[in-house]
Amino acid sequence: ADMLRRRGDSESLTAAEGVVRDAIASFPDSADLKRRLARILVQQGGEANREKALQIVRGLAGDPDEARAADALALTELYERQANWGEVDRSLESAASRIDASARQLAIYVSRLLSQDAADEAKVYLDRLERLAPGDVVTIRLRIRWLEAMGQADKVPPVIEAYEQRLRSNFAADERVEAEIN
């Protein structure tokens, strides 16, 4: 089914959908098969298919035994396609609030909050992001945006300097390892 889906043409997508639906008939509790079906439906396009995919992903995201952090992001993307911004916000918050939220999910939510002038609310999620991905350039950029939003632009240069120092240290360590190898 995945090979057919990757081809991307209408006939292959229809065939992939049939294969996955047959598999779901045999294994109706398989969350992975349901995720595959939702991806195929989205790829097929059309409002009816997006609505079916939305129902599938909404069910997965709402099931505490089957939900994955990625389900909330998939749900968010489907809501974005519908321009349903209230649900986008709820879905992003749900993903970022999970204990297993990824750095990507936290970064997306922090960025969204900062874009909505909600810097106070963003701080909690930004702090979590910094614990997960402290040296990541996205994390640094979001910290800088947060400082600027809070009217603390004077604290930006030290953040940039600390990041540059970390890069120099990493580069120097890499050079030492390379010298030892050669």
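Every value quoted in this text rests on a predicted model; they were computed, and no experiment measured them.

K.L.:
Whenever I open this one, the packing of helix 8 (residues 119-132) against helix 9 (residues 137-149) confuses me. Can you help?
P.N.:
Between two packed helices, what matters for the description is the angle formed by their axes and the separation of those axes. Where helix 8 meets helix 9, the axes come as close as 11 Å, and the angle between the chain directions of the two elements is 155°. On the basis of the axis angle, helix 8 is roughly antiparallel to helix 9. Crossing angle aside, the handedness with which helix 8 passes helix 9 is left-handed. Residues Ala119, Ala122, Lys123, Leu126, Asp127, Leu129 and Glu130 of helix 8 form the contact with helix 9, whose own contacting residues are Thr139, Leu142, Arg143, Trp146 and Ala149. Looking at the contact of helix 8 with helix 9 residue by residue, the classes come out as 7 nonpolar, 1 polar and 4 charged.

K.L.:
Could you clarify how one ought to interpret the packing of aromatic side chains in this entry?
P.N.:
Centre distance and the angle of the planes are the two values used to describe a pair of aromatic rings. This model, assessed by the stated rule, comprises 1 aromatic pair. An angle of 85° between the planes, with centres 4.9 Å apart, marks the rings of Tyr109 and Tyr125 as edge-to-face. Taken as a pair, Tyr109 in helix 7 (residues 103-115) and Tyr125 in helix 8 lie far apart in primary sequence, 16 residues in all. Accessibility expressed as a relative area gives 4% for Tyr109, which makes it buried. Its relative accessible area of 11% is what places Tyr125 among the buried residues. Against the face of Trp146 rests Lys123, its NZ or CZ located 5.6 Å from the ring centre. Note that Arg143 overlies the ring of Trp146, its terminal NZ or CZ placed 4.9 Å from the centroid.

K.L.:
Sorry, what's going on with the nonpolar core here?
P.N.:
Across soluble globular proteins, you tend to see nonpolar side chains buried next to one another. Residues Val110, Leu114, Tyr125, Leu129, Leu142 and Trp146 are the most contacted members of the largest nonpolar core, which totals 40 residues. Here this core takes 6 residues from helix 7, the largest share from any one element. Beyond its immediate chain neighbours, meaning those up to four positions away, Trp146 contacts Leu114, Ala119, Ala122, Lys123, Leu126 and Gln152.

K.L.:
Sorry, what's going on with the pattern of salt bridges here?
P.N.:
For side chains bearing opposite charge, pairing can occur when the charged atoms are close. Applying the stated criterion across every chain yields a total of 8 salt bridges. A salt bridge links Arg112 to Asp89; the shortest N-O distance between them is 2.6 Å. Of this pair, Arg112 sits in helix 7 while Asp89 sits in helix 6 (residues 85-97), and the two are 23 residues apart along the sequence. Overall, Arg112 belongs to the partly exposed group, its relative accessible area being 24%. For Asp89, a relative accessible area of 24% corresponds to the partly exposed category. Each member of the salt-bridge network shares a partner with another, and the members are Lys123, Asp127, Glu130 and Arg143.

Rules used in this analysis
- Residues numbered from 1 in each chain as written.
- Predicted model: local features only at pLDDT ≥ 70, side-chain atom pairs only at ≥ 80, totals over all residues.
- Heavy atoms only, no water.
- Axes fitted to C-alpha atoms, helices over the stretch in contact; angles between N-to-C directions.
- Helix = DSSP H or I, 4+ residues; strand = E, 2+ residues; numbered from the N terminus.
- Parallel < 35°, antiparallel > 145°, perpendicular 65-115°, else oblique.
- Left-handed = near helix turned anticlockwise from the far one by under 90°.
- Contact = heavy atoms within 4.5 Å.
- Nonpolar A, V, L, I, M, F, W, Y, C, P; charged D, E, K, R; others polar.
- Phe/Tyr/Trp six-rings, centres within 6.5 Å; stacked < 30°, edge-to-face > 60°.
- Buried < 20%, exposed > 50% of the residue type's maximum accessible area, 1.4 Å probe, protein only.
- Lys NZ or Arg CZ within 6 Å of the ring centre and 35° of its normal.
- Core = buried A, V, L, I, M, F, W, Y, C linked by side-chain atoms within 4.5 Å.
- Salt bridge = Lys/Arg side-chain N within 4 Å of Asp/Glu carboxyl O.

Note that every value here comes from positions in space, so none of it alone points to a role or purpose.
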